[in-house]
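# Breakdown of the fold
This is what each chain is made of:
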Amino acid sequence: MNDPRDAWQNQPTEPFRMSADLLRYKARQRHAKARFSAALSIALGLILCFCFAASCYMARETLPRLGWGVLSLWSLYFAAHTYRWVRPGGLAPDANLSTCRAFYRAQLEKERDYGLHIWRRSGLTFCFLGIALVFVPVVVHSWKTPQVLRNALPFFILLAAWAVAFVRMNKQKRRRLHEDIAELNASEMDKS
């Protein structure tokens, strides 16, 4: 009877209630964050498109030129899909509670769905195909000169580290989104 673990596990709990002000704040915060993320990603995609197109123009061999072209097209694809998937809808400044809740839920679900299919929706397979077309011929032609391979090794190490970090960050973001959706569901259950 006097077991602290038993007393702790059997203590009464109070249901979490999300206030209307907190929900409005979270909806506005999510809206601002999504707008900034979309604008940054679109600008980055367009800048990369220009840089890759310039590299395509300056390339002399066919495979690297094709690789730079694929990367340039991927950048446009990335910018367009970011606009479609990340850009939030409108949220009126004087939105009522149900409108804020609907917007917040829609934005959370949109971000969750984008994260579930991020490889396809952001076209990362085309990005890696373009990188392969650019760098594999260089590595194959310079197989006998270890200096070129030594110079390329840091790039491939950074690419592998980025891929690992990208997968981990995407998993953490999905977990946080699931928690936010569960919190919103619990709040809606308390209201009904």
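Position labels on residues start from 1 in each chain and follow its written sequence. Totals for whole chains, interfaces and linings use every residue, but because this is a predicted model, local features are given only for residues with pLDDT of at least 70 and side-chain atom pairs only at 80 or more, for both listing and counting. Neither water nor hydrogens contribute to the side-chain values; these are computed over all heavy atoms in the structure.

What follows is about the packing of helix α3 (residues 62-85) against helix α6 (residues 124-141). Following both chains from N to C, one finds α3 and α6 inclined at 160°, their axes separated by 8 Å at the closest point. By the angle between their axes, α3 is roughly antiparallel relative to α6. Here α3 runs over α6; the crossing is left-handed. Along the contact surface, α3 presents L63, P64, L66, G67, W68, V70, L71 and W74, while α6 presents L124, F126, C127, L129, G130, I131, L133, V134 and P137. Note that Gly is not counted as nonpolar here; it falls among the polar residues with everything else outside the nonpolar set of Ala, Val, Leu, Ile, Met, Phe, Trp, Tyr, Cys and Pro and the charged set of Asp, Glu, Lys and Arg. For the contact of α3 with α6, the per-class residue count stands at 15 nonpolar, two polar and no charged. Every angle, taken between N-to-C directions, lies between 0 and 180 degrees, and every axis is a line fitted to C-alpha atoms, over only the stretch in contact when it is a helix. Each helix corresponds to a stretch of at least 4 residues labelled H or I by DSSP, and each strand to a stretch of at least 2 residues labelled E; elements are numbered beginning at the N terminus. Any angle that is under 35 degrees is reported as roughly parallel, and any over 145 degrees as roughly antiparallel; angles of 65 to 115 degrees are reported as roughly perpendicular and all others as oblique. A crossing counts as left-handed when the near helix is turned anticlockwise from the far one by less than a right angle, and as right-handed when that turn is clockwise. Contacts were defined at the residue level, with two residues in contact if any of their heavy atoms lie within 4.5 Å.

Here the focus is the confidence of the model for the protein chain. For the protein chain, the average pLDDT comes to 81, and 86% of its residues sit at 70 or higher. For every residue, the predictor states its confidence as a pLDDT score lying anywhere from 0 to 100. When the elements of the protein chain are averaged for pLDDT, helix α1 (residues 4-9) gives the smallest value, 66, and α3 the largest, 89.

Okay, the side chain of N170 next. Within the secondary structure, N170 sits in helix α7 (residues 146-191). Categorising residues by exposure relies on relative accessible area from a 1.4 Å probe, with only protein chains included: less than 20% of the type maximum marks a residue as buried, more than 50% marks it as exposed, and the intermediate range marks it as partly exposed. Of the residues examined, N170 reaches a relative accessible area of 12% and is grouped as buried. Leave out the neighbours within four places in its chain, and N170 touches G115 and I118.

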